[in-house]
Amino acid sequence: METLGLLGGGLAIAVQPMNLLFALVGVVLGTAVGVLPGIGPAMTVALLLPITFKMDPAGSLIMFAGIYYGGMYGGSTTSILLNTPGESASIVTALEGNRMARAGRGGPALATAAIGSFVAGTIATALLTVFAPFLAEVAIAFGPEDYFALMLVALVTVSATFGSSRLRGLTSLSIGLALGLVGIDKLTGQARLAFGIPDLLDGLEVTTVAVAMFAVGEAMAVASQKGTAAQGHVEAIRGSLWMTKEDWKRSWKPWLRGTALGFPIGALPAGGAEVPTFLSYATEKKLSKHPEEFGHGAIEGVAGPEAANNASAAGTLVPLLTLGIPTSATAAIMLAGFQQYNLQPGPLLFVTSADVVWGLIASLFIANAMLIVLNLPLVGLWVRLLSIPRHWLYGGILVFAAVGVLAAKGSLVELTLVLVLGLLAFGMRRFDYPIAPVVVGMILGPMAETQLRRALQIAGGDPMVLVQSPISAGLIAVAVLALLGPLLWARLGWRMKSDED
Amino acid sequence: MTALTRREAVALGTAILTVAAGGSAGAQAPAEVKIMAPAAPGGGWDQTARVMQGVLTSERIVRSAQVTNVAGAGGTIGIAQFVNGARGDPAALMVSGFVMVGAILMNKAPVTLEAVTPIARLTGEWQALVVAQNSPIKSVQDLAAALKADVAKVSWGGGSAGGVDHITAAMFAGLAGADGSKVNYIAHSGGGEALAAILSGRVTVGVGGGSEFEQHVKGRRMRWIGLTAPQGTSGLAGPTLAEQGFKLELQNWRSIFAAPGISAAQRAGLAEVVEKMAKSKAWADQLAAKGWQDTYLAGDAFESFLKEEITRVSGVLRQLGLVSA
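Rules and cut-offs
- All residue numbers here refer to positions counted from 1 along the written sequence of the relevant chain.
- To read the labels, note that chains go from A and ligands from 1, taken in the order they are written.
- With pLDDT at 70 or above as the cut-off, local features in this predicted model cover only qualifying residues; side-chain atom pairs require 80 or more to be listed or tallied, and sums for whole chains, interfaces and linings still use all residues.
- Water and hydrogen atoms were dropped before computing side-chain values, which therefore reflect all heavy atoms in the structure.
- Strands here are runs of E lasting at least two residues and helices are runs of H or I lasting at least four, both read from the DSSP assignment and numbered beginning at the N terminus.
- Two residues qualify as a contact provided that any one of their heavy atoms is within 4.5 Å of a heavy atom in the partner residue.
- The accessible surface values rely on the Shrake-Rupley method and a 1.4 Å probe; as for residues, cover is taken only from the protein chains in view.
- The axes are straight lines fitted to the C-alpha atoms, using for helices just the contacting stretch, and the angles between their N-to-C directions are given from 0 to 180°.
- Here is the rule for angles: anything less than 35 degrees is roughly parallel, anything more than 145 is roughly antiparallel, 65 through 115 is roughly perpendicular, and the remaining ranges are oblique.
- Here a crossing is called left-handed whenever its near helix is offset anticlockwise from the far helix by less than a right angle, and right-handed whenever the offset is clockwise.
- Each residue is assigned to one of three groups, with Ala, Val, Leu, Ile, Met, Phe, Trp, Tyr, Cys and Pro labelled nonpolar, Asp, Glu, Lys and Arg labelled charged, and all others, Gly among them, labelled polar.
- Residue ranges for the domains originate in an automatic or database domain assignment.
- Burial classification: accessible surface area is computed with a 1.4 Å probe over protein chains only, and a residue below 20% of its type maximum counts as buried, one above 50% as exposed, and the rest as partly exposed.
- Any two strands between which DSSP finds at least two bridges are classified as paired.
- By this rule, a helix spans an expected 1.5 Å times one less than how many residues it contains.
- It is the directions from the helix axis to the C-beta atoms that the arc portrays.
- Patches draw on residues past 30% relative accessible area with no salt bridge. Two like charges within 9 Å are joined, as are two nonpolar side chains (Val, Leu, Ile, Met, Phe, Trp, Tyr) within 5 Å.
- For this analysis, a salt bridge means a side-chain nitrogen from Lys or Arg found within 4 Å of a carboxyl oxygen belonging to Asp or Glu.
- Any residue with an atom within 4 Å of a point lines the site, the site being either a cavity, points on a 1 Å grid over the protein atoms alone where a 1.4 Å probe fits but cannot get out, or a pocket, an open set with protein on both sides within 12 Å along at least 5 of 7 lines.
- Grid points are joined across faces, edges and corners, and a volume is the space filled by probe spheres set on the points.

Visitor: Please clarify how the overall build of chain B should be interpreted in this entry.
Guide: When helices and strands are tallied, chain B shows 11 helices and 10 strands. Long-range contacts, defined as pairs at least 24 residues apart, comprise 76% of the intrachain contacts of chain B with a sequence gap of at least 6. When the accessible surface of chain B is summed, it comes to about 13300 Å², and 54% of that surface belongs to carbon and sulfur atoms.

The structure is reproduced here in structure tokens:
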């Protein structure tokens, strides 16, 4: 119970009025930058670092944590309402969330995202408090072959859930995999598919592609259907603005499952926030009693991934605080923030600067509570956005997307990319190819490739390394089962029963 | 192609506001500098630019200093934009360093460091070799022997391919009597992933900036093998390679350049500004807080150092087959 005492001490630090103010500033800033595609929490924290140099360490770290959590949350608002993901971790939220919003259920979608984020963030922070040191040890033991197997599971399960036809889904996925190849190859430093354009050497930005594929492609589709108003009709509010009893019933399990996926994967040094959101989406679709609603606005598809997204943000702090290993861009900059005050994250941090660490953890709880207080009352205001006439709304989305992309990179190449990829997305919509697998392939492809090559390189080219690790062998078995299982069952004439518990 | 960065946009906005508010009637332009960090906010070059900004203004060496970021491709996008946009501008400065030398060669960049005006080397960080605490390799001799026995069996964990860590690995393997071109180097993006691979003992040996490993060595999770610093370098977690009989000196240096096409007098003026900054106490304090070593070197000495580094880096990259001859 020593932990609880320390946490109590931390709470006492975090509720000091100045620190509360820092948490509030962080949360508001984070939400604002999370909303804009392209500008993420990492860049915000980096720009604020020099300003905070003369501030009290606890206060500024509390603010950074608020920005981090706020950014994760803010990205979902535009995802749901405008189909314009602000962060790569909220791409999955757009899939069901935007469908819900167009059917007049934007309120419940935003609410389940907010409450799910709160629940997941709170549980994950509690897990961080108790398990951090233990979990960190497990996480670094995760090797490249294990990561590769994890990516394989994600790829197989996720690509099975999209689109009406397997062939169309796989075609889209291949486009994504090809887009993921663009840029300097991480392991050899050689350029691929860059066509001599220097701006392409660092690869395509995930948010740029997501914004182009989702928002720009859709705006073009809407513009091309002038007069045929029935398609793509947007209704601002239908039914309750808040979550109904049914919504709650359908949300709470996905929140918990999303947390269970997000926290441990976020704690892995190369886990990231995107993979758990994909896995959560696939899981919810599989387990849902209303699988037919997926693709048309299923609330589970918002609740699960949003929870996973926020839980992974807390997970990222595990290796950062206990081992001094930054596993995301934001964490890397927070590490720089720690060092600025001569605080060295790592095993000794909990001993040498216990007050700062526990103050930070306590303020995560507070930041979470603030986020929900800040966002729930705004839901009604946000959904009003959708009552803007359609031509204004989509015009606005185009401007918003272009400004966001320009603000992040300031490059004309990037803007051209948005337009070209938007055209591609328009064509794919026109011929009924699903869009989401493109983004999935683009995120997972390079991760899977890098980890596979790393594993083989360390093992001197021996492919047996993939099945020698129990974690990797187990995950590969899951992937094979997920891929061949449905085919086998179909052949044997078994009917998969929907799980009725 | 001139892209308006956010910072420029803000500066522009402020300028418009100042004028709109009546402005100060003073005709003299304030003594100001513009520092470009050819990388995204947060990295080493960006931090260098921002520390410079802070010290230059707080010490009143200049009246104002702005930082802009142009990220991408190891700085080669930034330098291209700098050469085109700042030509002849006596107030323009650009941060650069060891990594840009390699990136220019590997990306076959059209604009090289020869196009800009060298001012000074500011800071450097020595490279360290470490192993996991429970590794069978206990000393630099063990590592050299393992490399000599089978260079491909020794896997190295570090940062991006062709970067300073990769070059360090290849050079050490060569010194140990192995074929440096066959070094089994596992590139990682960002420090975190590489640290995890080293701590867990998945890679045989880790290579990176000395300060990255210091706390892990102190916490007895990593064993220090050596540092690529000259003999007698102080303030470190362990001995240098040179002190153990392996003469390898390599620092990940950062430097400052001015625009092309400025006059000798303008160049001397900028050099003076940078020297004042580098000799100030505020600069020394900031370096200490960041764990950077002061390796200030200016004038002809810096120019010849730069030439040697370019030759050395391109030699290693060719040997590794990352740059075609």
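Visitor: It is not clear to me how the packing of helix 10 (residues 245-267) of chain A against helix 11 (residues 274-287) of chain A should be interpreted in this structure. Could you clarify?
Guide: Packed helices, taken two at a time, are described by the angle between their axes plus the distance between the axes. Residue and element names in this part refer to chain A. Where helix 10 contacts helix 11, the axes come no closer than 9 Å and their chain directions differ by 150 degrees. By the angle between their directions, the pair helix 10 and helix 11 is classed as roughly antiparallel. As helix 10 packs across helix 11, the resulting crossing turns out to be right-handed. Between helix 10, through Pro254, Arg257, Gly258, Leu261, Gly262 and Ile265, and helix 11, the contact on the second element is made entirely by Pro276, Leu279, Ser280, Thr283, Glu284 and Leu287. When the residues that make up the contact of helix 10 with helix 11 are grouped by side-chain class, the tally is 6 nonpolar, 4 polar and 2 charged.

Visitor: Just checking my understanding: could you explain the domain arrangement of chain B for this structure?
Guide: Where interface size is quoted, it is often the accessible area lost as the parts come together. Assigned domains of chain B: these are domain 1 (27-116 + 259-291) and domain 2 (126-244). For domain 1 of chain B and domain 2 of chain B, the distance between their C-alpha centres works out to 31 Å.

Visitor: I tried to follow the pairing of strand 9 (residues 251-258) of chain B on my own but got confused; where do I start?
Guide: Strand residues, when the strand is regular, have side chains that alternate between the two faces of the sheet. Residue and element names in this part refer to chain B. Counting buried residues in strand 9 gives 8 out of 8 residues, a clear majority hidden from the surface. Where burial is concerned, the two faces of strand 9 agree: the one with Gln251, Trp253, Ser255 and Phe257 and the one with Asn252, Arg254, Ile256 and Ala258 are both buried. The pairing of strand 3 (residues 92-97) with strand 9 spans 5 bridges and is classified as antiparallel. When the sheet's bridge partners are listed, serine 96 is paired in strand 9 with serine 255. Where strand 4 (residues 117-132) and strand 9 come together, 8 bridges link them in antiparallel fashion. Counted as the bridge partner of arginine 121 is serine 255 from strand 9.

Visitor: What is the right way to look at the packing of helix 2 (residues 17-35) of chain A against helix 4 (residues 57-82) of chain A in this model?
Guide: Residue and element names in this part refer to chain A. Between helix 2 and helix 4, the least distance of the axes is 6 Å, while the angle of their chain directions is 30 degrees. Considering only the axes of helix 2 and helix 4, their crossing is right-handed. Packed against helix 2, whose contacting residues are Asn19, Phe22, Ala23, Val25, Gly26, Val27, Leu29, Gly30, Thr31, Gly34 and Val35, the element helix 4 presents Gly59, Ile62, Met63, Gly66, Ile67, Gly70, Gly71, Gly74, Gly75 and Thr78 at the interface. Here the residues of the contact of helix 2 with helix 4 are counted per class, giving 9 nonpolar, 12 polar and no charged.

Visitor: Which parts of the structure should I look at to understand helix 9 (residues 264-278) of chain B?
Guide: Note on helix geometry: an α-helix contains 3.6 residues per turn, so any two residues three or four positions apart are oriented the same way. Residues and elements named next belong to chain B. Relative to the 21 Å expected for 15 residues at 1.5 Å per residue, helix 9 spans 21 Å between its end C-alpha atoms, a close match to the ideal helical length. Buried within helix 9 we find Leu270, Val273, Val274, Met277 and Ala278. Along the axis of helix 9, the buried residues cluster in a sector spanning 135 degrees; they form a single face. In helix 9, the exposed positions that point more than 90 degrees away from the buried face belong to Ala264, Ala265, Glu272 and Lys276.

Visitor: Sorry, what's going on with a nonpolar patch on the surface here?
Guide: The grouping of Met18(A), Leu21(A), Leu24(A), Val25(A) and Val28(A) at the surface amounts to a nonpolar patch, some 410 Å² of accessible area in total. Topologically, Val25(A) is positioned in helix 2.

Visitor: I keep staring at empty space enclosed by the protein and nothing clicks. Help me out?
Guide: If a probe the size of a water molecule is rolled over the atoms, the empty space left behind becomes visible. By the definition in use, this model includes 5 cavities of 30 Å³ or more. In this structure, the largest cavity spans a volume of roughly 150 Å³. Phe142(A), Pro144(A), Tyr147(A), Glu193(B) and Ala197(B) are the residues nearest the centre of the largest cavity, which is lined by 17 residues in total. Elements that contribute at least two residues to the lining of the largest cavity include exactly helix 6 (106-140), helix 7 (144-160) and helix 19 (436-458) of chain A together with helix 7 (190-199) of chain B. Of the residues contributing to the lining of the largest cavity, the split by class is 10 nonpolar, 4 polar and 3 charged.

Visitor: So what exactly am I meant to see when it comes to the pattern of salt bridges here?
Guide: Oppositely charged side chains can form a pair if their charged atoms are brought close together. Taken as a whole and assessed by the stated rule, the structure comprises 21 salt bridges over all chains. Note that Arg250(A) is salt-bridged to Glu293(A), the shortest N-O span being 2.9 Å. On the criterion of sequence distance, the pair formed by Arg250(A) in helix 10 and Glu293(A) in the loop between helix 11 and helix 12 (300-323) is long-range, its members being 43 residues apart. One salt bridge in this structure joins Glu193(B) and Arg454(A), with 2.7 Å as the shortest N-O distance. Taken together, the residues span two chains, with Glu193(B) in helix 7 and Arg454(A) in helix 19.

Visitor: How do you make sense of helix 11 of chain A when you look at a structure like this?
Guide: Residues and elements named next belong to chain A. Look at helix 11: 20 Å from first C-alpha to last across 14 residues, which is about the 20 Å you get at 1.5 Å a residue. Burial within helix 11 is extensive, with 10 of its 14 residues counted as buried. When helix 11 is considered as a whole, its buried residues turn out to be Glu274, Val275, Pro276, Thr277, Phe278, Leu279, Ser280, Tyr281, Ala282 and Glu284.

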